[in-house]
Amino acid sequence: MLFDTHAHLDAHRFDADREELLKSLPEAGIGLLMDPGCDVASSLAAVKLSRENHWIYAAVGSHPDAADNIGDDVLSLYYDLAKREDKVKAIGEIGLDYHYEDIPREQQILCFRKQMALAKELDLPVIIHMREAAEDTLKVLAEFPQVTGVFHCYAGSAEMAKELVRKGWYIGFTGVITFKNARKLVETALTIPMERMVVETDCPYMAPEPFRGRRNDPGYLYRMAEKLAELRNISREEMEDITFQNGQRLFRICG
């Protein structure tokens, strides 16, 4: 059984066939799924999906691309959702993204800090988005040593991953692990303890090989487990079990 620890099933690209897809996923081996918010609208949509499907959980938060739209009202909404909804298990996805810099770095950092403080207050794990911003991300995390969670779609070095794991973090592996040019990520997968690995689709983005270029969905998650199992020289079933239990532990979901 698989746990997709990061899937945006609320995304508009699923509007035409979401119900059909949801019905198919348990048969595809998806036992649990985490749908993280990226802004207010997607956080509310994720919560709605979690209410309607017993195997789906939600996270609430604002992605760095939405860092210009976060204020006390938004933070209060996330706080209320996390306190009221039993199936809200994390704050995320939050973090820093310096690739396009449509939102100034200072605003992204301010938004990130506020949501890390919210996670600390709520005693919830966080889902971190980090793109070309490792130094500043680590600086903010150092201000909140009590808060840990998962680095989703990890793209850092193996050495950084080892240090994060030492501090209690999990590392999320997407379809990128199946790409031919994923040398750094393969090194990370060979370096960190299996007890700190989780698998995710980040759908509808980044479908794994041999489905690259298609709309991604949780039905392709087996490819990530398959590749990690190959790298660690264990069976796919063993890797599925390990990453499923890791995801439960990460998000504090009882078996």
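Our subject is the structure listed above.
Residues numbered from 1 in each chain as written. Predicted model: local features only at pLDDT ≥ 70, side-chain atom pairs only at ≥ 80, totals over all residues. Heavy atoms only, no water.

Draft legend 1. Highlighting the environment of D241. Position of D241 relative to the elements: it lies in helix α9 (residues 236–251). By relative accessible area, D241 is classed as partly exposed at 42%. As for D241 and M1, which are separated by 240 residues in sequence, their C-alpha atoms are 6.6 Å apart. (Helix = DSSP H or I, 4+ residues; strand = E, 2+ residues; numbered from the N terminus. Buried < 20%, exposed > 50% of the residue type's maximum accessible area, 1.4 Å probe, protein only.)

Draft legend 2. Quick look at the sheet that holds strand β4 (residues 88–97). Judged by pairing direction, the sheet is parallel, and its eight strands sit side by side in the order β1-β2-β3-β4-β5-β6-β7-β8 without closing on themselves. Each edge of the open sheet is held by one strand with a lone partner, namely β1 (2–4) and β8 (197–199). Strand-to-strand, the axes of this sheet are offset by a mean angle of 25°, without reference to chain direction. Sheet topology places β1 next to strand β2 (residues 30–36); three bridges connect them, and they run parallel. Bridge assignment links D4 to a residue of β2, and that residue is L33. Against the sheet, helix α6 (residues 158–166) touches β5 (126–131), β6 (149–151) and β7 (170–173), its axis set at about 135° to β7. (Pairing = 2+ DSSP bridges. Axes fitted to C-alpha atoms, helices over the stretch in contact; angles between N-to-C directions. Contact = heavy atoms within 4.5 Å.)

Draft legend 3. Up close: the pattern of salt bridges. Taken as a whole and assessed by the stated rule, the structure comprises 17 salt bridges. The salt bridge involving R105 is made with E101; its shortest N-O contact spans 2.8 Å. R236 is the partner of E226 in a salt bridge, and the nearest nitrogen-oxygen pair spans 3.6 Å. With E226 in helix α8 (residues 222–232) and R236 in helix α9, this residue pair connects regions lying 10 residues apart in the sequence. Three or more residues joined by partner-sharing salt bridges are found here, namely R223, E226, R236 and E240. (Salt bridge = Lys/Arg side-chain N within 4 Å of Asp/Glu carboxyl O.)

Draft legend 4. Main features of the pairing of strand β3 (residues 56–60). The element β3 is largely enclosed, with a buried count of five among its five residues. Here β3 shows two buried faces, one formed by I56, A58 and V60 and the other by Y57 and A59. Alignment of β2 against β3, held across four bridges, turns out to be parallel. From the neighbouring strand, D35 faces β3, where its bridge partner is A58.

Draft legend 5. Main features of the packing of aromatic side chains. Under the counting rule described, the total for this entry stands at five aromatic pairs. Centroid distance F151 to W169: 5.2 Å. Interplanar angle 75°. Geometry classified as edge-to-face. Of this pair, F151 sits in strand β6 while W169 is found in the loop between α6 and β7, placing the two residues 18 residues apart along the sequence. With a relative accessible area of 2%, F151 lands in the buried category. Assessed through its relative accessible area of 3%, W169 is described here as buried. Here a set of aromatic residues connected by ring pairs shows up, and it is made of F3, F244 and F251. Geometry around Y57 places K87 over its ring, the cationic atom sitting 4.9 Å from the centre. Stacked on the ring of F179, the Lys or Arg R212 has its end atom at 3.6 Å from the ring centre. (Phe/Tyr/Trp six-rings, centres within 6.5 Å; stacked < 30°, edge-to-face > 60°. Lys NZ or Arg CZ within 6 Å of the ring centre and 35° of its normal.)

None of this, on its own, says anything about what the molecule does.
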